[in-house]
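Residues per chain, in single letters:
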Amino acid sequence: MKLKKLRKISRRNALLLIAGFTGTAIFPSISFAQSSQALDRINEITKGLGATESDIYFDLPEIAENGNQVKVTFEIDSPMTESDHIKTVYILADGNPSPNVAKFSFTPEMGSCSAATRIRLSKTQNVYLLAENNNGQFLMTNAKVKVTIGGCGG
Amino acid sequence: MSSIKPRVKVPKEVSIDEIIEIKTLIRHPMHSGRMKDNNGQIIPRQIINSFSAKFNGKEVFQMDLEPSISTNPFIVFQYKVKESGKFDFEWIDDNGEKYYISKEMTVS
């Protein structure tokens with residue numbers, strides 16, 4: 001009798017435990033996917049058209065010790081002619097107070113679509129690059145940066 | 001402010017069709033509007049919000065800067081040489097103050 005009771009409790013506990021685990025395992029991923037301000041911003045810029053994931057050279061450190069100075073370098077393969085060039089490049093951050101980081105406007109005179117700058121990152125997050133060519137098509141890529149000490153003064 | 005002084009590195013001697021790298025740096029605190037001073041008061045936003053590069057009067061590169069850009073904005077970009085000429089670089093901050101620097105480039 002005593003044994004039976006014990007087993008009953010443990011089974012309930014086990015069920016609760018399983019429910020708890022699956023809950024914590026599933027919910028963060030859902031909320032993360034929904035609350036990505038960078039992806040929302042990408043949707044806004046592309047007017048819902050979306051961007052194709054593309055192989056762009058987008059260099060950020062994997063681990064940034066100081067979030068106040070994180071170097072970003074990118075290079076997009078483009079002939080940069082009058083009829084085929086990258087017009088705009090956006091850098092967007094998921095975990096900063098605002099998703100906008102920088103907007104670069106390129107012209108065919110530049111001969112190559114490449115630039116570098118230093119940005120602030122407030123915490124570990126995904127950084128997105130969104131590029132628009134002169135035909136209105138969008139390309140994107142992203143990189144995850146682990147930030148040890150955050151910038152932005154939050 | 002006299003403490004704000006831009007610096008730009010453009011190769012002086014270049015050849016036609018060469019893709020050169022231009023490095024720019026301007027000393028600016030880039031207050032994001034989120035930092036607090038020693039008395040716990042928020043320092044108001046004061047950043048450089050625009051940078052542009054002109055070559056012989058024609059704009060070739062422009063960048064919008066947001067508070068997420070680091071103190072002392074450092075910008076590197078490339079340019080394909082076609083002729084000798086002069087670069088004009090311009091930074092504009094939130095107060096509407098403009099900072100200029102020009103650099104000559106000669107094709108050899």
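Scroll up to find the structure.
For the structure given in this document, a descriptive report is provided here. Residue positions are given per chain, counting from 1 as you read along its sequence in written order. As they are written, the chains are lettered A onward and the ligands numbered 1 onward, keeping that order. Whole-chain, interface and lining totals are the exception, using all residues; otherwise, since this is a predicted model, local features are given only for residues with pLDDT of at least 70 and side-chain atom pairs are given and counted only at 80 or more. Side-chain metrics in this entry use all non-hydrogen atoms of the structure; hydrogen atoms and water are not considered.

## Comments concerning the interface of chain B and chain A
Then comes step 1: Between chain B and chain A, the contact holds 30 residues from the first and 28 residues from the second.
Then comes step 2: Accessible area, probed at 1.4 Å, shrinks when two parts are joined; the buried area is that loss added up over both. Across the chain B/chain A interface, buried area totals approximately 2,500 Å², and carbon plus sulfur atoms make up 47% of it.
Then comes step 3: Salt bridges are identified by distance alone: a Lys or Arg side-chain nitrogen within 4 Å of an Asp or Glu carboxyl oxygen. Between chain B and chain A we count 2 salt bridges in total.
Then comes step 4: Between Glu109(A) and Lys58(B) there is a salt bridge, with the nearest N and O atoms lying 2.4 Å from each other.
Then comes step 5: We call two N or O atoms a polar contact when they sit within 3.5 Å, provided that within protein one can donate a hydrogen and the other can accept it, with sequence-adjacent residues counted only if both atoms are side-chain atoms. At the junction of chain B with chain A, the criterion picks out 19 residue pairs in polar contact (both at pLDDT 80 or more).
Then comes step 6: What counts as a helix is a DSSP run of H or I of at least four residues, what counts as a strand is a run of E of at least two, and both are numbered from the N terminus. Contributions of two or more residues to the side of chain B that touches chain A are made by strand E3 (19-26), strand E5 (58-65) and strand E6 (74-80) of chain B. The contact criterion used is simple: two residues touch if any of their non-hydrogen atoms lie within 4.5 Å.

## Considering the sheet that holds E3(B)
Then comes step 1: Should DSSP find at least two bridges between two strands, the strands are taken to pair. The strand order E2(A)-E4(A)-E7(A)-E6(B)-E3(B)-E1(B) describes an open sheet built from 6 strands, whose pairing is antiparallel. The outermost strands of the open sheet, each flanked by one partner alone, are strand E2 (57-59) of chain A together with strand E1 (6-9) of chain B. When strand polarity is set aside, the average angle formed by the axes of neighbouring strands in this sheet is 15°.
Then comes step 2: Pairing between E3(B) and E6(B): 7 bridges, direction antiparallel. Bridge pairing links Ile20(B) to Tyr79(B) in E6(B). Orientation is described by axes fitted as lines to C-alpha atoms, over the contacting stretch for helices, and by angles from 0 to 180 degrees between their N-to-C directions.

## Here's the deal with the side chain of Thr107(A)
Then comes step 1: By secondary structure assignment, the location of Thr107(A) is in the loop between strand E6 (100-106) and strand E7 (113-119).
Then comes step 2: Ignoring any residue separated from it by four or fewer positions in sequence, one finds Thr107(A) in contact with Met80(A), Glu59(B) and Val60(B).

## With respect to the environment of Tyr99(B)
Residues and elements named next belong to chain B.
Then comes step 1: Checked against the element boundaries, Tyr99 lands in strand E8 (residues 98-107).
Then comes step 2: Exposure is judged per residue with a 1.4 Å probe applied to protein chains only, and the accessible area is read against the type maximum: over 50% gives exposed, under 20% gives buried, and values in between give partly exposed. Take Tyr99: its relative accessible area is 7%, and that puts it in the buried class.
Then comes step 3: Remark: the alpha-carbon pair of Tyr99 and Ile4, spanning 95 residues in sequence, is separated by 8.0 Å.
Then comes step 4: A polar contact is formed between the side chain of Tyr99 and the side chain of Asp93, at a distance of 3.0 Å.

## Quick look at unusual backbone geometry
Then comes step 1: The backbone of Met80(A) shows a phi angle near 50°, a positive value even though the residue is not glycine.
Then comes step 2: The topology assignment puts Met80(A) in the loop between strand E4 (70-76) and strand E5 (86-93).
Then comes step 3: Residue classification places Met80(A) among the buried positions, given a relative accessible area of 4%.
Then comes step 4: With phi around 50°, Asn56(B) is a residue other than glycine that occupies positive phi space.

## A few points about the side chain of Ser112(A)
Then comes step 1: Relative to the helices and strands, Ser112(A) is located in the loop between E6 and E7.
Then comes step 2: Ser112(A) sits in the buried class, given a relative accessible area of 9%.
Then comes step 3: Within the structure, the side chain of Ser112(A) is placed 2.3 Å from the side chain of Gln78(B), a separation counted as a polar contact.
Then comes step 4: Sequence-distant contacts of Ser112(A), defined by excluding residues within four places in its chain, comprise Met80(A), Phe106(A), Ile19(B) and Gln78(B).

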